[in-house]
Amino acid sequence: EAGVAQSPRYKIIEKRQSVAFWCNPISGHATLYWYQQILGQGPKLLIQFQNNGVVDDSQLPKDRFSAERLKGVDSTLKIQPAKLEDSAVYLCASSLTPSNSNSPLHFGNGTRLTVT
Amino acid sequence: QQQVKQSPQSLIVQKGGISIINCAYENTAFDYFPWYQQFPGKGPALLIAIRPDVSEKKEGRFTISFNKSAKQFSLHIMDSQPGDSATYFCAASRGGNTPLVFGKGTRLSVIA
């Protein structure tokens, strides 16, 4: 089974620039998540999709972050404009259904964003 | 508001020793408690998980102990090996469509 694919692996941008991250979940996984992991901390949920609909985006800074999951498969996360505090690893994860004991969460290797 | 509190922040254990990482939660609606292992440059990977209807679950050298009344759960790594050196995260979620919330992580170093 192929894992969750993310690109790019690394990105360095200047503050106020824009950036986009791409995620391809495991085939057949209906639920997709974007998490932000700041250095030394645990992953923090940004947004959860069920198929192509948003389930939870309560912690997404909507003034600068946006995400979409067209056709219920791939997803993109965009930041515009970026701030220094956005420097983090952005993790995409997927599960068959909302994660529980019967449907564990599978993470990609993330995109490390550095904002200078 | 931190829903899952994890300790210690870092841990150094001798090879062959027992590593113990603790987590506490407040939301009694949580019903799924996984532990994730993360190596540098990689995403977290599910290690072991437990539901609150059991007090202990063991998979190989890894054991989760769960104390529902104290709202605490812990990860025990028996016979710790240098290859276990990683960051460990506890997490929790409740039923329905709710996502996992993670602790801040414990960096484990197993030294020979």
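Higher on the page you've got the structure.
Residues numbered from 1 in each chain as written. Chains lettered and ligands numbered in written order. Predicted model: local features only at pLDDT ≥ 70, side-chain atom pairs only at ≥ 80, totals over all residues. Heavy atoms only, no water.

### Some details on the overall build of chain B
Rules: To qualify as a helix, a DSSP run of H or I must reach at least 4 residues; to qualify as a strand, a run of E must reach at least 2; elements of each kind are numbered from the N terminus. Atoms counted for the radius of gyration: C-alpha only. Globule rule: 2.2 Å times the number of residues to the power 0.38. Relative accessibility under 20% of the residue-type maximum defines a buried residue, over 50% an exposed one, and the middle range a partly exposed one, all with a 1.4 Å probe and only protein chains included. We call two residues in contact whenever any of their non-hydrogen atoms come within 4.5 Å of each other. Calculation of accessible area relied on Shrake-Rupley with a 1.4 Å probe; when residues are assessed, cover is drawn exclusively from the protein chains displayed. Counting rule applied: Lys, Arg positive; Asp, Glu negative; His and chain ends not counted. Each charge is placed at NZ for Lys, CZ for Arg, CG for Asp and CD for Glu.
Along the backbone of chain B there are zero helices and eleven strands. Counting helices and strands in the order they occur from the N terminus, chain B gives β-β-β-β-β-β-β-β-β-β-β. Taken over the C-alpha trace, chain B has a radius of gyration of 13 Å; the compact-globule value for 112 residues is 13 Å, and the two agree within 12%. Over its C-alpha atoms, taken along the principal directions, chain B stretches across nearly 45 × 30 × 20 Å. Across the 112 residues in chain B, those meeting the buried criterion constitute 44%. In chain B, the proportion of contacts linking residues at least 24 apart, taken out of those at least 6 apart, comes to 53%. Total accessible area on chain B is roughly 5500 Å²; 49% of this is exposed by carbon and sulfur atoms. Within chain B, one finds 12 positive and 7 negative side-chain charges whose respective centroids are separated by 6 Å.

### Remarks on the state of the cysteines
All names here are of chain A. The following threshold applies: Criterion for a disulfide: a pair of cysteine sulfur atoms at a distance within 2.5 Å.
Applying the stated criterion across every chain yields a total of two disulfides over all chains. Between Cys23 and Cys92 runs a disulfide, and the two sulfur atoms are separated by 1.9 Å. On the S-S bond that ties Cys23 to Cys92, the torsion sits near -70°, and the link is left-handed. With Cys23 in strand β3 (residues 19–24) and Cys92 in strand β9 (residues 88–95), this pair connects stretches of sequence that are 69 residues apart. With relative accessibility at 0%, the residue Cys92 sits in the buried group.

### What about the sheet that holds strand β1 (residues 5–7) of chain A?
Residues and elements named next belong to chain A. Let me state the cut-off plainly: Two strands qualify as a pair provided DSSP detects at least 2 bridges between them. A fitted line through C-alpha atoms represents every axis, and for helices the fit uses only the stretch in contact; the resulting angles, taken between N-to-C directions, go from 0 to 180 degrees.
Reading across from one edge, β1-β3-β8-β7 is the order of the four strands in this open sheet, with antiparallel pairing throughout. At either end of the open sheet lies a strand with only one pairing partner, and these are β1 and β7 (65–68). Neighbour-to-neighbour, the strand axes of this sheet turn through a mean angle of 15°, independent of strand direction. Judged from the four bridges that link them, β7 and strand β8 (residues 75–79) form a sheet pairing that is antiparallel. By the bridge assignment, Phe65 is partnered in β8 with Ile79.

### A look at the pattern of salt bridges
Residues and elements named next belong to chain B. How we decide: Salt bridges, as used here, are contacts in which a Lys or Arg side-chain nitrogen is within 4 Å of a carboxyl oxygen on Asp or Glu.
Counting across every chain of the model gives five salt bridges over all chains. Between Lys57 and Glu59 there is a salt bridge, with its nearest N and O atoms 3.6 Å apart. Glu59 gets classed as partly exposed once you look at its relative accessible area, which sits at 37%. For Arg61, the salt bridge goes to Asp84, with nearest N and O atoms at 2.8 Å. Pair noted here: Arg61 is in the loop between β6 (56–59) and β7 (62–67) and Asp84 is in the loop between β8 (72–77) and β9 (86–94), with a separation of 23 residues, a long-range link. Taking the relative accessible area as the measure of exposure, Arg61 reaches 27% and is therefore partly exposed.

### A few points about the layout of surface pockets
The test is simple: Every definition here rests on a 1 Å grid over the protein atoms only: cavities are sets of points where a 1.4 Å probe fits but cannot get out, pockets are open sets enclosed by protein on both sides within 12 Å along at least five of seven lines, and lining residues have some atom within 4 Å of a point. Grid points are joined across faces, edges and corners, and a volume is the space filled by probe spheres set on the points. Residues were grouped as follows: Ala, Val, Leu, Ile, Met, Phe, Trp, Tyr, Cys and Pro as nonpolar; Asp, Glu, Lys and Arg as charged; and all remaining residues, including Gly, as polar.
If you add up the space inside the largest pocket, you get close to 730 Å³. Along the wall of the largest pocket there are 32 residues; nearest its centre are Gln37, Leu39 and Gly40 of chain A together with Gln38 and Arg107 of chain B. Counting residues per element, the ones that place at least two in the lining of the largest pocket are β9 and β11 (111–115) of chain A together with β9 and β11 (106–111) of chain B. Among the elements that line the lining of the largest pocket, the one with the most residues is β11 of chain A, at four residues. For the lining of the largest pocket, a count of residues per class yields eleven nonpolar, 16 polar and five charged.

### Quick look at the interface of chain B and chain A
Basically, it comes down to this: As a working definition, buried area equals the accessible area (1.4 Å probe) given up by two parts on being put together, with both sides summed.
With 19 residues of chain B in contact, the opposing surface of chain A contributes 23 residues. Interface area for chain B against chain A, summed over the two sides, is near 1600 Å², with a carbon-plus-sulfur share of 53%. At the junction of chain B with chain A, the criterion picks out zero salt bridges. Of the residues forming the side of chain B that touches chain A, the biggest block, three residues, is contributed by strand β4 (residues 30–38) of chain B. Of the residues in the side of chain B that touches chain A, the class split is eight nonpolar, eight polar and three charged.

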